[in-house]
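Inside the fold
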Amino acid sequence: YRLKRFLVRMYVRWNMRHSPGACDTPRPSFASVLPSQGSFIRGGKVKLTYLRERFGEHNTGYNLLYLVSSTLPGFADIWVDEAKRKGIKIVWNQNGVGNPAWAPIWQKVNNTMKPIVKADYVIYQSEFCRQEANDFVAKFGGPYSILNNCVDTKKIKPANPPIPSHPIRLLVTGTHMTKEKVLIPLEAMHILIKRGLNVILDIYGPSEWPQAKEEITERIKELKLESFVTQHGKYLQDESSSIYQSGHICIHTKYMDPSPTTVLSSMASGVPVIGSRSGGVIELVPPSAGILLEVPISREKLYYPSAEAVADAVETIMKDWPRWSAGAREQAVKHFDVKGWTNAHEKIFRKVLNIHE
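Residues numbered from 1 in each chain as written. Predicted model: local features only at pLDDT ≥ 70, side-chain atom pairs only at ≥ 80, totals over all residues. Heavy atoms only, no water.

Remarks on the sheet that holds strand S5 (residues 144–146)
Ordered in space as S1-S2-S3-S4-S5, the 5 strands form an open sheet in which the pairing is parallel. Looking at the sheet topology across the chains shown, the edges are occupied by strand S1 (28–29) and S5. Bridge count for strand S3 (residues 89–94) against strand S4 (residues 121–124) is 4 bridges, and the pairing is parallel. Looking across to S4, one finds that Trp 92 is bridged to Val 122. The sheet strands contacting helix H2 (residues 45–55) are S1, strand S2 (64–68) and S3, and the helix crosses S2 at an angle near 160°. (Pairing = 2+ DSSP bridges. Helix = DSSP H or I, 4+ residues; strand = E, 2+ residues; numbered from the N terminus. Contact = heavy atoms within 4.5 Å. Axes fitted to C-alpha atoms, helices over the stretch in contact; angles between N-to-C directions.)

Considering the pairing of strand S8 (residues 229–233)
On any regular strand, side chains alternate: one points to one face of the sheet, the next to the other face. Relative to S8, strand S7 (residues 199–204) runs parallel, the two being bridged by 4 bridges. Its bridge partner being in S8, Leu 201 is matched across the sheet by Val 229. Tracing the backbone out of S7, into helix H7 (residues 212–222) and back to the parallel element S8 gives a crossover that is right-handed. (Right-handed = clockwise from strand over helix to strand, strands pointing away.)

Remarks on the sheet that holds strand S9 (residues 249–252)
Spatially, 6 strands are ordered S8-S7-S6-S9-S10-S11 in an open sheet, and the strand pairing comes out parallel. With one partner strand each, in any of the chains shown, S8 and strand S11 (290–293) form the two edges of the open sheet. Averaged over all pairs of adjacent strands, the angle between their axes in this sheet comes to 20°, without regard to strand direction. On top of the sheet, helix H11 (residues 307–318) reaches strand S6 (168–172), S9, strand S10 (273–276) and S11; it is set at about 160° to S11, its chief contact.

Section: the pattern of salt bridges
Following the criterion strictly, the structure yields 22 salt bridges and no others. Here Arg 5 and Asp 77 are joined by a salt bridge, their closest N and O atoms 2.8 Å apart. You can see Arg 5 sitting in helix H1 (residues 2–15) and its partner Asp 77 sitting in helix H3 (residues 76–86), a full 72 residues away along the chain. Classification of Asp 77 by relative accessible area gives partly exposed; the value is 27%. One salt bridge connects Glu 315 with Arg 195, and the closest N-O pair in it is separated by 2.6 Å. Note that Glu 315 is positioned in helix H11 and Arg 195 in the loop between helix H6 (180–194) and S7, a separation of 120 residues in sequence. Relative accessible area serves as the criterion here: at 31%, Arg 195 is assigned to the partly exposed category. Bridged by salt links that share partners, the residues Arg 9, Arg 13, Glu 82 and Arg 85 form one connected network. (Salt bridge = Lys/Arg side-chain N within 4 Å of Asp/Glu carboxyl O. Buried < 20%, exposed > 50% of the residue type's maximum accessible area, 1.4 Å probe, protein only.)

Regarding the packing of H6 against H11
Where H6 contacts H11, the two axes come as close as 8 Å, and the packing angle between them is 60°. With respect to H11, the element H6 is oriented oblique. Between H6 and H11 lies a crossing whose hand is right-handed. Contacts between H6 and H11 involve Ile 184, Glu 187, Ala 188, Ile 191 and Leu 192 on the former and, on the latter, Ala 307, Glu 308, Val 310, Ala 311, Val 314 and Glu 315. (Parallel < 35°, antiparallel > 145°, perpendicular 65-115°, else oblique. Left-handed = near helix turned anticlockwise from the far one by under 90°.)

Brief notes about a nonpolar patch on the surface
On the surface, Leu 3, Phe 6, Leu 7 and Met 10 cluster together into a nonpolar patch covering about 420 Å² of accessible area. Tracing the backbone through its elements, the reader meets Leu 7 in helix H1. (Patch = residues over 30% accessible without salt bridge, like charges linked within 9 Å, V, L, I, M, F, W, Y side chains within 5 Å. Areas by Shrake-Rupley, 256 points an atom, 1.4 Å probe, with all protein chains shown as cover.)

Quick word on the side chain of Asp 337
Within the secondary structure, Asp 337 sits in the loop between helix H12 (321–335) and helix H13 (338–353). In this structure, Asp 337 is buried with no salt-bridge partner, the nearest side chain bearing the opposite charge being Lys 154 at 6.8 Å. Discounting residues that sit within four places of it in the chain, Asp 337 has contacts with Cys 150, Val 151, Asp 152, Thr 153 and Ala 332. (Lys, Arg positive; Asp, Glu negative; His and termini not counted.)

Things to note about the packing of aromatic side chains
Following the criterion strictly, the structure yields 12 aromatic pairs and no others. Ring centres of Tyr 66 and Phe 349 lie 6.0 Å apart, and the angle between their planes is 80°; on these two criteria the pair is classed as edge-to-face. Within this pair, whereas Tyr 66 is found in strand S2, its partner Phe 349 is found in helix H13, the two being separated by 283 residues in sequence. For the pair formed by Tyr 66 and Phe 349, the shared burial category is buried. Ring geometry for Trp 106 versus Phe 136: centroids 5.6 Å apart, planes at 85°, classification edge-to-face. You can see Trp 106 sitting in helix H4 (residues 106–111) and its partner Phe 136 sitting in helix H5 (residues 127–136), a full 30 residues away along the chain. When its relative accessible area of 19% is taken as the criterion, Trp 106 is described as buried. Overall, Phe 136 belongs to the buried group, its relative accessible area being 17%. Here a set of aromatic residues connected by ring pairs shows up, and it is made of Phe 30, Phe 55, Tyr 66 and Phe 349. In this structure, Arg 17 is placed above the aromatic ring of Trp 14, and the distance from its NZ or CZ to the ring centre is 4.2 Å. (Phe/Tyr/Trp six-rings, centres within 6.5 Å; stacked < 30°, edge-to-face > 60°. Lys NZ or Arg CZ within 6 Å of the ring centre and 35° of its normal.)

Written out as structure tokens, the structure is:
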């Protein structure tokens, strides 16, 4: 462990060997290996690609180190300490944190985020993220902003023409860390079919709990849904638009999700969201763009809406789907477009670096 830390420190010092010097533009480094275009991407690295497109990525001679809590480099504390030593400004983007419901790894996860207190500026992905970081990681006393994640609403947009109203096409997208995120939609499907509705479910993204593939397959067989459910696995970021355009409703039952980009992509595509009224999702999805179902709020246990409640919400939305679809699209364009997000970053970068217009 000591040898690893020593080698990382030597590498970081070599990486930062050129002093930033005077510069009238932000020159950020992201301290994360970004996948090449067209490869599988997830989590915090999605937003880093937008910043790279806008500001470039500078491996040497940079004046700003940008860190995302959900995709930190190894030994982030060393990166932060060496940046401070070299006079390189640090902007920290804070996503969610671990809590006791994650036992037993939550404290280990949060320990990697402790360097947040040394940042020059913190961007919280939601007010929920700020509160959780204050309670479980450390209270940051410097300047900060609440800046929700973004989506490129010019690339990710509604299908034209809209897909037919029948069959009803439901989507589950993203990375599935808990079985409820997939199994609850399956059970809701079963209920809807018993009610006489023509429904199809597409599951996109990896399921990563133990024996996930076997458990999903077994549950599909038990519910006799083989003809109504398709599992697609991982998908590329470039495929997001066509995926969301293929659905009527996105079901996202993850509990206490801090700031899910999948919800933003769904709304940008004119696909209303059914989710859990918990975490940062409350700040993203208004009543015009989807239905958030009530769940108990706890940090000790995970809670999920019932399959019956999800099925009821599907029926409610499909009774007036065009209105819900328009509301979802409007919310994404007005509040979460990538241009506004990168513009806000430029203002923050200039403020931190004391660069005047």
